[in-house]
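Observations on the three-dimensional arrangement
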Amino acid sequence: MKTLFSQLPAIDSLLREPAMQALRVQYGHQQTTDTLRALQQEAREQILAQQQLPAWCSDWPQAAAARLQRQQSTALKPVLNLTGTVLHTNLGRALLCEEAVAAVTQVMRSAVTLEYALEEGERGHRDRALAELLCQLTGAEDACIVNNNAAAVLLMLAALAPGKEVVVSRGELVEIGGAFRIPDVMKQAGCTLTEVGTTNRTHLKDYRQALTENTALLMKVHTSNYQIAGFTCSVAESELATLGEECGVPVIVDLGSGSLIDLSQYGLPAEPMPQQLIADGVSLVSFSGDKLLGGPQAGIIVGKKALIARLQQHPLKRALRVDKMTLAALEATLQRYLQPETLAVQLPTLRLLTRTPHSIAEQAGRLLPVLRQACGAHFLVEIAPCLSQIGSGSLPVDRLPSFALTLTPHDGSGSRLQQLAADWRKREVPVTGRLSAGKLWLDLRCLEDEELFIRMISL
Ligand SMILES: *Cc1c(COP(=O)(O)O)cnc(C)c1O
């Protein structure tokens, strides 16, 4: 063992090797030295454990280069999303349109008019330009942009109802996931939740009877991720808005996803539209930027000018405000909506959601022989119909017909399947599918870059 230890080169002499000199130039002296020390320690441990030198000891510069390169690679890796969920929260939700990508790149490189009004040559407001666009698109009086929709809900409650009562239907006390629960958010905002109605039925009179002089808001939450079926009754936003108007209590709506266009025109499940709620007389509506809107993570609040002003003035707004990159991406995304004819082509989220089963099946036909070539030895590769999900709190029952390539191990071995999935997760661009019923499913709905897919599975 002693002789094995003596075969480990000294760090100093390693650093003098020409190949190491090149790494020092590329990665810096400190990082290169630290990496060599770490490798040497690993070699020592392996000698102790296995009485042999690790194989990589034959080429220290190469081992160091590989390690240094790995350290440089970022943790946020592009992946091929073949899970069948279009707005996958764990995979970063919406893909942004090219105009948004360009806009973000531009503002990253340059000083920008973030809070600067060019015409007056004085300080402006960072939400101003977007507010105008949002008013145009929704018919609202004003708008406020924050970090995400959870922040939007928190800000509305904290700014408009601290120490006061907020009336919500028992059927709408939702949990979104990631510990976002309406009763908890109320508590954080310092509001008292007044629950009305029952799980399945809430009537207008329930809201009316719950009003006290301490009521600050009437609130509706879009029950996006579940459905109560059967003997049900809920109060329409327009009716609640009329009651709010009568009693002088603002009505706010947490819409969750929300869509600025009527999705049913594409044969997709209809989602409530913020502009409809504004027309119905709702005081404030909040929705996400990176769900069906197809933009960056953001929370958008549109509605009455006086209420938006109170949100803008609240100290929490400062903590929840978005940066120039988000504003640039959101503005470029919203501008697409001024030209709705081209949306289904230009907005990746809508483009993927509106792909026809026919075109996905054709793609599956093209890729089948390639996948058979790559995996046919151990797996039966087939095309199978499947159902994609919109994702991000859209109704789980609203599924989109799609097609998948499926892999079934010839020997029925679950571990072989797990191994393949794990192997694909390690690729330069990981391929993520879905394991179900003894098969690996690759739903092709979100696959646009076929060449990349072929490269990743053919390694
Ligand atoms: C998704 C959702 C939220 C949270 O929105 P984020 O943008 O993810 O913070 C809140 N309320 C509802 C109803 C939602 O669907």
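Bear in mind that the values here come from a model prediction, so they are computed numbers and not experimental data.

1. Describing the site of the ligand
- Taken together, Arg93, Asn148, Asn149, Ala150, Ile176, Phe180, His222, Ser224, Asp254, Gly256, Ser288 and Lys291 make up the full set of residues adjacent to the ligand.
- The side chain of Ser288 places a nitrogen or oxygen atom 2.7 Å from an oxygen atom of the ligand.
- Contact with the protein chains removes 94% of the 380 Å² of surface that the ligand exposes when unbound.
- The site holding the ligand turns out to be the largest pocket.
- Elements supplying a minimum of two residues to the shell around the ligand: helix H8 (149-160) and strand S10 (251-256).
- Counted by class, the shell around the ligand contains three nonpolar, six polar and three charged residues.

2. Structural notes on the UniProt feature "modified residue: N6-(pyridoxal phosphate)lysine" (unreviewed entry) in the chain
- Listed under "modified residue: N6-(pyridoxal phosphate)lysine" (unreviewed entry) in the UniProt record, and renumbered for this structure, are Lys291.
- The residue Lys291 is located in the loop between strand S11 (284-288) and strand S12 (299-303) in this model.
- When neighbours within four sequence positions are excluded, Lys291 is seen to be in contact with Leu87, Arg93, Ala94, Gly256, Ser257, Thr349 and Ser392.

3. Considerations on the packing of aromatic side chains
- The full count for this structure, using the stated rule, is one aromatic pair.
- Here the aromatic rings of Trp56 and Trp60 are separated by 5.0 Å at their centres, their planes lie at 80°, and the arrangement is edge-to-face.
- We classify Trp60 as buried; its relative accessible area is 6%.
- In this arrangement the basic side chain of Arg201 is found over the ring face of Phe231, its NZ or CZ atom lying 3.7 Å from the centre.

Procedures and definitions
Residues numbered from 1 in each chain as written. Predicted model: local features only at pLDDT ≥ 70, side-chain atom pairs only at ≥ 80, totals over all residues. Heavy atoms only, no water. Near = heavy atom within 4 Å. Polar contact = N/O pair within 3.5 Å; in protein donor to acceptor, adjacent residues only side chain to side chain. Areas by Shrake-Rupley, 256 points an atom, 1.4 Å probe, with all protein chains shown as cover. 1 Å grid on protein atoms, 1.4 Å probe; cavity = no way out; pocket = protein on both sides within 12 Å on 5 of 7 lines; lining within 4 Å. Sits in = over half its atoms within 2 Å of the grid points. Helix = DSSP H or I, 4+ residues; strand = E, 2+ residues; numbered from the N terminus. Nonpolar A, V, L, I, M, F, W, Y, C, P; charged D, E, K, R; others polar. UniProt positions renumbered as here; feature names shortened; annotations may be inferred. Contact = heavy atoms within 4.5 Å. Phe/Tyr/Trp six-rings, centres within 6.5 Å; stacked < 30°, edge-to-face > 60°. Buried < 20%, exposed > 50% of the residue type's maximum accessible area, 1.4 Å probe, protein only. Lys NZ or Arg CZ within 6 Å of the ring centre and 35° of its normal.

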